Amino acid sequence: MVRNCKQLWKILDRKASVPCRRITTSPSNITRSELPDKTMEAKCLQNMFELIDSGFFNETKIQEIAHRATEMNVPIYRTNRKLVATKNGGLENPSPLVFNPSWNREVPRAQGKRFKYPSASGVRLPSDEEDIAFMSVLELGELIKTKQVTSKELVRIYLKRLKRYNHVLESVVTDTEELAYKQAKEADDLLSKGTYLGPLHGIPYGLKDIVAVPGYKTTWGSTSFKDQVLDIEAWVYKRLKASGAVLVAKLVTGSLAYDDIWFGGRTRNPWNIEEFSTGSSAGPAASTSAGMVPFAIGSETAGSMTYPAARCGVTALRPTFGSVGRTGVMSLSESLDKLGPFCRTAADCAVVLDAIKGKDPEDLSSREIAFEDPFSVDITKLTVGYTKDADMKVVEVLGSKGVNMVPFELNYTVESVQGILNFTMGVDMLAHFDDWQRTGQDDLYEAQDQWPVELRRARVVTAVDYMLFHFNAKI
């Protein structure tokens, strides 16, 4: 229908390198290269409006819109862009469209009580480091608390494994060895003075490499940003540091948080290295699965935690939207992005969530959410819904435990929801990476059939349709 009509891209303030020609008009056989300039321009403009599903305008109105957009809109676009779109990643200018789902009941901070963790008393230090590496967070915490092992010793064990297995799994971007030993010493010193910060005290962990940590590269998995160092301390990193946890590595994110391909390769599934991990939280999933870290923090906009967790055989908790602050984390979509833990047990996920949840003053969507203590829940009082395509073995097991299982049907189609999600995410992402696209850095992207294609399409989503997607999302 359209081949690079210059007027289209001028109105959208985009460059066009190829003039409009050789497209046959219907029903005649006259080609556009043979048409007078004004006629060719009119056809191009008509095609532009059909591209954004606005072909209902007549030629007079189209010419008026083109004139006013060129004279007024484009200069305003450019002025505004200089103010808010010169930095990529959404770290400095988050979206003003704050998503606040009504079911997120906020509670005062004073009511945010800590969970009552199950006891791991009686745990003994194994003689084999391999066995130590695969112990749960609660078990490792008990070993540290009872001084059977030091944080420094755990750091050595996990750094050794990170370096040993990374060449096969390609799941680590940067080890933070110097910082890890510094934080481990602080944890050990505190314990020697009688101060114990809780079950994460002295426990090593990894962060998906979209989370900023001062003094270390935050590459976003992308060739364009592989040398980037951000002098920002992400909120989730602050919370973990306050809990005594010890950062040992920045783990792989798919390039700009898309799938498992990054500038250093492609992350593999530890259970079957012929398979890839899938999902952009590839490094946290694979590293946790392989016993390279006891737990890790990943993120999800649309499947980036659930897919790699399932593939790599670990437990991930994608928490309720808004429950974990995102300051200092690369943004795809403020109304969809969520941070959560990868662990090897569900109990460990609850422990980590307890440490990182809460109101982030710089993240307008974050809030104090009333979570019941998962270790005190009577599951016989729970009601769980399931659809006809659910795993019936899971349904049967939960039912046998006394859970009230209720079948239900969705009142919408998966396709409609996926469409809203894709368009919303694409436009939000492009708003944070406008300069990246305009300067041609998308040509360097590691997988050309991923973000480059999707963000070019997002360029022609209208503001009206974008708002309608948000209206629909609330229904």
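Look up: the structure comes first, before these words.
Just so you know, these numbers come straight off a predicted model, no measurement behind them.

Before going further, it helps to spend a moment on the sheet that holds strand S8 (residues 296-300). With respect to topology, six strands assemble into an open sheet ordered S1-S3-S2-S8-S10-S9, the strand pairing being mixed. Unpaired on one side and paired on the other, strand S1 (172-175) and strand S9 (315-316) mark the two borders of the sheet. Examined bridge by bridge, S8 and strand S10 (residues 338-343) share five bridges and lie antiparallel to one another. Opposite Glu-300, over in S10, you have Lys-338 as the bridge partner. This element, helix H11 (residues 346-356), spans S8, S9 and S10 of the sheet and lies at about 140 degrees to S10.

Note on placement: Thr-195 falls in the loop between helix H7 (177-192) and strand S2 (204-208). Taking the C-alpha atoms as reference, Thr-195 lies 9.8 Å from Lys-145; in sequence the two are 50 residues apart. Every residue in contact with Thr-195, bar those within four places of it in the chain, is listed here: Leu-190 and His-201.

This part covers the nonpolar core. Ranked by internal contacts, the top residues of the largest apolar core, which has 68 residues, are Leu-200, Leu-207, Val-236, Leu-240, Leu-256, Phe-295 and Ile-356. Leave out the neighbours within four places in its chain, and Leu-256 touches Trp-220, Ser-222, Phe-225, Met-330, Leu-332, Met-429, Phe-433, Trp-436, Tyr-445 and Trp-451. Formed by 15 residues, the second largest nonpolar core is a distinct cluster that contains Leu-169, Ala-180, Ala-249 and Val-293.

It is worth spelling out the packing of aromatic side chains at this point. Using the criterion set out here, one finds twelve aromatic pairs in the structure. Taking 4.7 Å as the distance between ring centres and 55 degrees as the angle between the ring planes, the aromatic pair formed by Trp-220 and Phe-225 counts as tilted. Residue class for Trp-220 comes out buried when judged on its relative accessible area of 0%. Ring geometry for Trp-262 versus Phe-263: centroids 5.0 Å apart, planes at 70 degrees, classification edge-to-face. Taking relative accessible area as the criterion, Trp-262 reaches 8% and is therefore assigned buried. Each member of the aromatic cluster is reached from another via a ring pair, and the members are Trp-220, Phe-225, Phe-433, Trp-436 and Tyr-445. Sitting above the plane of the Phe-276 ring, Arg-266 keeps its charged end 4.0 Å from the centroid.

The subject of this paragraph is a nonpolar patch on the surface. Together, Leu-97, Val-464, Met-467, Leu-468 and Phe-471 make up an exposed nonpolar region whose accessible area comes to about 450 Å². Topologically, Val-464 is positioned in helix H16 (residues 463-473). Residue class for Val-464 comes out exposed when judged on its relative accessible area of 59%.

This paragraph deals with H11. With nine of its eleven residues buried, H11 lies for the most part within the structure. Taken together, the buried positions of H11 are Asp-348, Cys-349, Ala-350, Val-351, Val-352, Leu-353, Asp-354, Ala-355 and Ile-356. Check the buried side of H11 and you find it contacts helix H5 (137-145), helix H8 (235-242), S8, S9 and S10. Residue Gly-358 follows H11 closely and has a positive phi angle near 130 degrees.

The rules behind each value
Residues numbered from 1 in each chain as written. Predicted model: local features only at pLDDT ≥ 70, side-chain atom pairs only at ≥ 80, totals over all residues. Heavy atoms only, no water. Pairing = 2+ DSSP bridges. Helix = DSSP H or I, 4+ residues; strand = E, 2+ residues; numbered from the N terminus. Contact = heavy atoms within 4.5 Å. Axes fitted to C-alpha atoms, helices over the stretch in contact; angles between N-to-C directions. Core = buried A, V, L, I, M, F, W, Y, C linked by side-chain atoms within 4.5 Å. Buried < 20%, exposed > 50% of the residue type's maximum accessible area, 1.4 Å probe, protein only. Phe/Tyr/Trp six-rings, centres within 6.5 Å; stacked < 30°, edge-to-face > 60°. Lys NZ or Arg CZ within 6 Å of the ring centre and 35° of its normal. Patch = residues over 30% accessible without salt bridge, like charges linked within 9 Å, V, L, I, M, F, W, Y side chains within 5 Å. Areas by Shrake-Rupley, 256 points an atom, 1.4 Å probe, with all protein chains shown as cover. Salt bridge = Lys/Arg side-chain N within 4 Å of Asp/Glu carboxyl O.

Don't take any of this as a statement about function, it's just geometry.
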